[in-house]
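Descriptive structure summary
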Amino acid sequence: LTQTGLDDEPEDVDALDADIQQLVEAIELEAVDGETWSEAFDQYVTGVGYTIVNRLAALRTMEVRGFIDEEVTVFKENGLTPAAETLVHEEFLLEDEAILEAYHNACDDLAEEIEILFDRSSAYSLIDPDDDTFEDLCGMLDDVPDEVWRADDVLGWVYEYYNVKLLDDLRRKGDREGLDPEDV
């Protein structure tokens, strides 16, 4: 997002290209309660990150359980996932393109059944991780033993881990001054 120049609120949205305008609209949606651009920007970045982590964790869970034929989150020694390797050989995609395309294809396939998580038309899907970040995230997930991914509560633990700081901040606020309805 910072590469698009959106760390600061743009002065002339109409002068921006259509993709950047969509990002501006998505960030503005975060500011519905009067938040500043900076606060809305941070909330949007958090939402994008959360969406990506949730999707990858869900994909890894399904891969380990045998619900997905070709892995999208496990990189082989050749630097490709099995699903990306198929796209390179069958669709003649470049290796760099194939990795995220395999991820997109898996999301699109699963969106029919689990729309809220895998719908790539959502505002939080306007940005993909870069190739290195995607591989790093997948590597972290792959480091987790398969038996953990088979646990029924694994996605709940991912959610809990992702929100630890927020939960700690809310607990401290609750202890000091009590919680407001919007905190819950």
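Because the structure is a prediction, the values reported are computed rather than measured.

A cluster of acidic residues, Asp69, Glu70, Glu90, Glu91, Glu95, Asp96, Glu97, Glu101, Asp130, Asp132, Glu135 and Asp136, forms a negative patch on the protein surface. Elements supplying a minimum of two residues to the negative patch: helix H4 (95–111) and helix H6 (131–143). Here Asp132 lies in helix H6.

Let us now look at the pattern of salt bridges. Taken as a whole, this structure holds six salt bridges when the rule is applied. Note that Glu85 and Lys76 form a salt bridge whose closest N and O atoms lie 2.5 Å from each other. Judged by its relative accessible area of 18%, Glu85 is buried. The closest approach of N and O atoms between Asp108 and Arg120, which form a salt bridge, is 2.8 Å. Of the two residues, Asp108 sits in helix H4 while Arg120 sits in the loop between helix H5 (115–118) and H6, which places them 12 residues apart along the sequence. Looking at Asp108, the relative accessible area reads 33%, which means it is partly exposed.

Right, let's get into unusual backbone geometry. Here Phe92, not a glycine, exhibits a phi torsion of approximately 60°, which is positive. Its relative accessible area of 70% is what places Phe92 among the exposed residues.

Time to look at the packing of helix H1 (residues 18–29) against helix H2 (residues 37–64). Following both chains from N to C, one finds H1 and H2 inclined at 100°, their axes separated by 8 Å at the closest point. Compared by their axis directions, H1 and H2 come out roughly perpendicular. In this structure, H1 contributes Leu23, Val24, Ala26, Ile27 and Glu28 to the contact, and H2 contributes Trp37, Ala40, Phe41 and Tyr44. Of the residues contributing to the contact of H1 with H2, the split by class is eight nonpolar, no polar and one charged.

For Val45, the position within the fold is in helix H2. Note on Val45: relative accessible area 38%, which makes it partly exposed. C-alpha separation for the pair Val45 and Ser125, spaced 80 residues apart in sequence, amounts to 11 Å.

So, about the side chain of His104. Counting through the fold element by element, His104 comes out in helix H4. Overall, His104 belongs to the buried group, its relative accessible area being 11%. Beyond its immediate sequence surroundings of up to four residues, His104 is in contact with Arg120 and Asp128.

Parameters at a glance
Residues numbered from 1 in each chain as written. Predicted model: local features only at pLDDT ≥ 70, side-chain atom pairs only at ≥ 80, totals over all residues. Heavy atoms only, no water. Patch = residues over 30% accessible without salt bridge, like charges linked within 9 Å, V, L, I, M, F, W, Y side chains within 5 Å. Areas by Shrake-Rupley, 256 points an atom, 1.4 Å probe, with all protein chains shown as cover. Salt bridge = Lys/Arg side-chain N within 4 Å of Asp/Glu carboxyl O. Lys, Arg positive; Asp, Glu negative; His and termini not counted. Charge placed at Lys NZ, Arg CZ, Asp CG, Glu CD. Helix = DSSP H or I, 4+ residues; strand = E, 2+ residues; numbered from the N terminus. Buried < 20%, exposed > 50% of the residue type's maximum accessible area, 1.4 Å probe, protein only. Axes fitted to C-alpha atoms, helices over the stretch in contact; angles between N-to-C directions. Parallel < 35°, antiparallel > 145°, perpendicular 65-115°, else oblique. Contact = heavy atoms within 4.5 Å. Nonpolar A, V, L, I, M, F, W, Y, C, P; charged D, E, K, R; others polar.

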